[in-house]
Amino acid sequence: MNSFINGLPKAELHLHIEGTFEPELMFQLAERNGITLPYESVDALRKAYDFSNLQDFLDIYYQGMNVLRTEQDFYDLTMAYLRRVHAQSVRHVEIFFDPQGHLERGIGFATALDGIHSALQQAEKEFGISFGIIMCFLRHLDEASAQETLALALPHRDKIIGVGLDSSERGNPPSKFEKVFARARAEGFHAVAHAGEEGPPEYIVEALDLLKVERIDHGNSCLQDRTLVERLADFQMPLTVCPLSNTKLCVVDDIKNHPLPAMLEAGLRVTINSDDPAYFGGYLNENYAAISPLLNNDQSQLAELARNSFRSAFLSGERQQALLADVDRYVTAQN
Ligand code: ADE
Ligand code: ZN
């Protein structure tokens, strides 16, 4: 691993905590909860991580999260992720979770949230990693279900900074969730949405105009619409790009053809993220390392991507300035 990337202070802004479920931990928790997995071994499970598209992945992802039953399970899952990224110089995380994926299995809202939140609090104390939690609505379900989920979240608003939108994109446009996003924003939540991963550029426009999001998760398909690219660049709208996810889900055919250089060339504010690292073959540093050759391993461009991650985070001005100064100090010390 490139040692410049390893030590570079950075934030992760697009990370599904359920997507950090490593097969070893999945088997361990399955045993603890008396669940039999439909795979013989860790290796057999890992072999199943071969996807042709987003839906292929989601089918396995929802099956995997079925093992998560107790608050301790969510704590252990989150702590395992935080230990890994602490070793990767990650200084701030904004973590997605999918409450509806747990509620429909009879797991209470607070069971998942409290387990995730207490691990984050512990990591803030132990590792100095600051954090936010974003609850995502599953877009393959209807808006009424999202509204019910938002109502469940309100008593826990002190632990949640924002709402997001994930799951099967095609056929589930942002417009389906206009009302619930309006309500969430009125309640003081930040708003983000997956858009333009498999869906058309029109879905990105809807996320901006109807959901009034502050970041676009993925956003790849914006490159098909020059006017949209100019709009995103003018507003410096953050895109949380996930290179290894894009290759594993066949959004791009080969990492060599990843559109990151074109995005930077167009003046877009790109951040690098891992999405579902246990399924896609790498955590944050592996994602930086994957795109580094496309930037000729230029350290100043890698550092700029890390700066973008802090600029695009829902952070207080003071913490943001301190983390940006850490990047500058790190870059100076390397040269
Ligand atoms: N849920 C978890 N990962 C996702 C992704 N990459 N796109 C949409 N929904 C997701
Ligand atoms: Zn995602």
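Residues numbered from 1 in each chain as written. Chains lettered and ligands numbered in written order. Predicted model: local features only at pLDDT ≥ 70, side-chain atom pairs only at ≥ 80, totals over all residues. Heavy atoms only, no water.

Caption draft 1: The coordination of the zinc ion (ligand 2), seen in detail. Protein-derived coordination of the zinc ion (ligand 2) comes from His14 (NE2), His16 (NE2), His194 (NE2) and Asp275 (OD), at a distance range of 2.0 to 2.2 Å. Here the donor residues of the zinc ion (ligand 2) share one chain and are spaced in sequence as H-x1-H-x177-H-x80-D. Remark: aspartate 275 occurs in the loop between strand S8 (269–272) and helix H14 (277–280) and histidine 14 occurs in strand S1 (residues 10–16); sequence separation between them is 261 residues. Take histidine 14 and aspartate 275: they sit in the same class, and that class is buried. (Donors = N, O, S within 2.8 Å, 3.2 Å for Na, K, Ca; no water. Helix = DSSP H or I, 4+ residues; strand = E, 2+ residues; numbered from the N terminus. Buried < 20%, exposed > 50% of the residue type's maximum accessible area, 1.4 Å probe, protein only.)

Caption draft 2: Looking closely at the nonpolar core. Of all hydrophobic cores here, the largest spans 103 residues; its most connected members are Phe181 and Tyr279. For this core, the leading source of residues is helix H7 (residues 109–127), giving 8 residues. Beyond its immediate sequence surroundings of up to four residues, tyrosine 279 is in contact with Glu18, Gly19, Met26, Tyr49, Phe51, Phe57, Ile60, Tyr61, Gly64 and Lys248. In terms of nonpolar packing, the next biggest core, distinct from the first, is built from 5 residues, Phe96, Ile134, Cys136 and Phe314 among them. (Core = buried A, V, L, I, M, F, W, Y, C linked by side-chain atoms within 4.5 Å. Contact = heavy atoms within 4.5 Å.)

Caption draft 3: Broad picture of the pairing of strand S2 (residues 90–97). Among the 8 residues of S2, 7 are classified as buried, and the element is accordingly described as predominantly covered. Alignment of S1 against S2, held across 5 bridges, turns out to be parallel. Paired with alanine 11 across the two strands is histidine 92, which belongs to S2. By the bridge criterion, 6 bridges tie S2 to strand S3 (residues 130–138) in an arrangement that is parallel. By the bridge assignment, valine 93 is partnered in S3 with phenylalanine 131. (Pairing = 2+ DSSP bridges.)

Caption draft 4: Quick look at the site of ligand 1. If you check the shell around ligand 1, you find His16, Leu54, Phe57, Leu58, Tyr61, Asp166, Ser167, His194, Glu197, His218, Asp275 and Asp276 and nothing else. Serine 167 is positioned such that a nitrogen or oxygen atom in its backbone is 2.8 Å from a nitrogen atom of ligand 1. Coverage of ligand 1 by the protein chains reaches 100% of its 260 Å² of free accessible surface. More than half of the atoms of ligand 1 fall within 2 Å of the grid points belonging to the largest cavity. The leading source of residues in the shell around ligand 1 is helix H4 (residues 54–65), at 4 residues. A per-class count over the shell around ligand 1 returns 4 nonpolar, 4 polar and 4 charged. (Near = heavy atom within 4 Å. Polar contact = N/O pair within 3.5 Å; in protein donor to acceptor, adjacent residues only side chain to side chain. Areas by Shrake-Rupley, 256 points an atom, 1.4 Å probe, with all protein chains shown as cover. 1 Å grid on protein atoms, 1.4 Å probe; cavity = no way out; pocket = protein on both sides within 12 Å on 5 of 7 lines; lining within 4 Å. Sits in = over half its atoms within 2 Å of the grid points. Nonpolar A, V, L, I, M, F, W, Y, C, P; charged D, E, K, R; others polar.)

Caption draft 5: View of unusual backbone geometry. Unusually for a residue other than glycine, glutamine 236 sits at a positive phi of about 50 degrees. Within the secondary structure, glutamine 236 is located in the loop between helix H11 (226–234) and strand S7 (238–241). Not every positive phi belongs to a glycine, and asparagine 297 is a case in point at roughly 55 degrees. Relative to the assigned elements, asparagine 297 resides in the loop between helix H15 (284–291) and helix H16 (299–311).

Caption draft 6: Representation of the packing of aromatic side chains. Enumeration over the complete set of coordinates arrives at 13 aromatic pairs. Considering the side-chain rings of phenylalanine 4 and tyrosine 330, the 5.5 Å spacing of their centres and the 40 degrees angle between planes classify their relative orientation as tilted. Linking phenylalanine 4 in helix H1 (residues 3–7) with tyrosine 330 in helix H17 (residues 317–334), this pair joins segments that are 326 residues apart in sequence. Plain terms: the ring middles of tyrosine 61 and tyrosine 62 are 5.2 Å apart, the flat faces sit at 65 degrees to each other, and that makes the pair edge-to-face. (Phe/Tyr/Trp six-rings, centres within 6.5 Å; stacked < 30°, edge-to-face > 60°.)

As far as function goes, none of this settles anything; it's purely spatial.
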